[in-house]
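Listed below, chain by chain, are the residues.
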Amino acid sequence: METTAEASGPATPDEVWERYADPARWPGWAPQITEVHTDAVRIAPGADGRLFAAGGVRLDFTVTDVDEQHRKWSWSVRFGLLTLHLDHGVEAAGEGSTTWLNARGPAFLIMPYMPFARSALQNLVQQC
């Protein structure tokens, strides 16, 4: 299955990009993420680590692509033998920004994940 979500808000594209680029900041805008363990201080191809989600769920991740100039990045998130492929981007939108997510993977993982993803995207584009 493949699906897309997006959100727009008053935060500038640079602010939103920096929230994506620093894994330590992910729990601040993504309510489904409670902890991030990684040696990466900034996303880069090959950076990997482990996410912890509500209920103690552990997910391993690997950043697969980063285009800082165009504010786009991709990663794979694994839950056991199952993998989600997530592509993200940030664009200017009026005085603020729009961020989007394209998610690919098994429908039974994507469908319950998307409401959390939409909430996270809304948080991401708000001013702090």
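Described in the following lines is the structure provided in the data block. (Residues numbered from 1 in each chain as written. Predicted model: local features only at pLDDT ≥ 70, side-chain atom pairs only at ≥ 80, totals over all residues. Heavy atoms only, no water.)

**Examining helix H1 (residues 13–21)**
- All of the buried residues in H1 are Pro-13, Val-16, Trp-17, Arg-19, Tyr-20 and Ala-21.
- The elements touched by buried residues of H1 are helix H2 (26–29), strand E4 (57–67), strand E5 (72–79), strand E6 (82–93), strand E7 (96–104) and helix H3 (107–124). (Buried < 20%, exposed > 50% of the residue type's maximum accessible area, 1.4 Å probe, protein only. Helix = DSSP H or I, 4+ residues; strand = E, 2+ residues; numbered from the N terminus. Contact = heavy atoms within 4.5 Å.)

**Quick word on the pattern of salt bridges**
- Scanning the entire structure with this criterion turns up five salt bridges.
- With a closest N to O distance of 2.9 Å, Glu-18 and Arg-42 form a salt bridge. Pair noted here: Glu-18 is in helix H1 and Arg-42 is in the loop between strand E2 (33–38) and strand E3 (48–53), with a separation of 24 residues, a long-range link.
- With its nearest N and O atoms 2.8 Å apart, the salt bridge here joins Asp-60 to Arg-50. Pair noted here: Asp-60 is in strand E4 and Arg-50 is in strand E3, with a separation of ten residues, a long-range link.
- Residue Asp-60 is classed as partly exposed on the basis of its relative accessible area of 26%. (Salt bridge = Lys/Arg side-chain N within 4 Å of Asp/Glu carboxyl O.)

**Overview of the packing of H1 against H3**
- The N-to-C vectors of H1 and H3 enclose an angle of 130°; their axes lie 10 Å apart at closest approach. Between H1 and H3, the angle is such that the two are oblique. On the side of H1, the interface is formed by Val-16, Arg-19 and Tyr-20, while H3 contributes Leu-121, Asn-123 and Leu-124.
- Across the contact of H1 with H3, the residue classes break down as four nonpolar, one polar and one charged. (Axes fitted to C-alpha atoms, helices over the stretch in contact; angles between N-to-C directions. Parallel < 35°, antiparallel > 145°, perpendicular 65-115°, else oblique. Nonpolar A, V, L, I, M, F, W, Y, C, P; charged D, E, K, R; others polar.)

**With respect to H3**
- An ideal rise of 1.5 Å per residue puts 26 Å on 18 residues; H3 measures up with 24 Å between its terminal C-alpha atoms.
- The largest bend along H3 reaches roughly 40° and is located at Met-114, with the proline Pro-115 sitting one to four residues downstream.
- Considered for burial, the residues of H3 that qualify are Leu-109, Ile-110, Tyr-113, Met-114, Ala-117, Ala-120, Leu-121 and Leu-124.
- Here the buried face of H3 lies against strand E1 (2–9), H1, H2, E6 and E7. (Expected span 1.5 Å × (residues − 1). Bend = angle between axes of the 7 residues up to and from the residue.)

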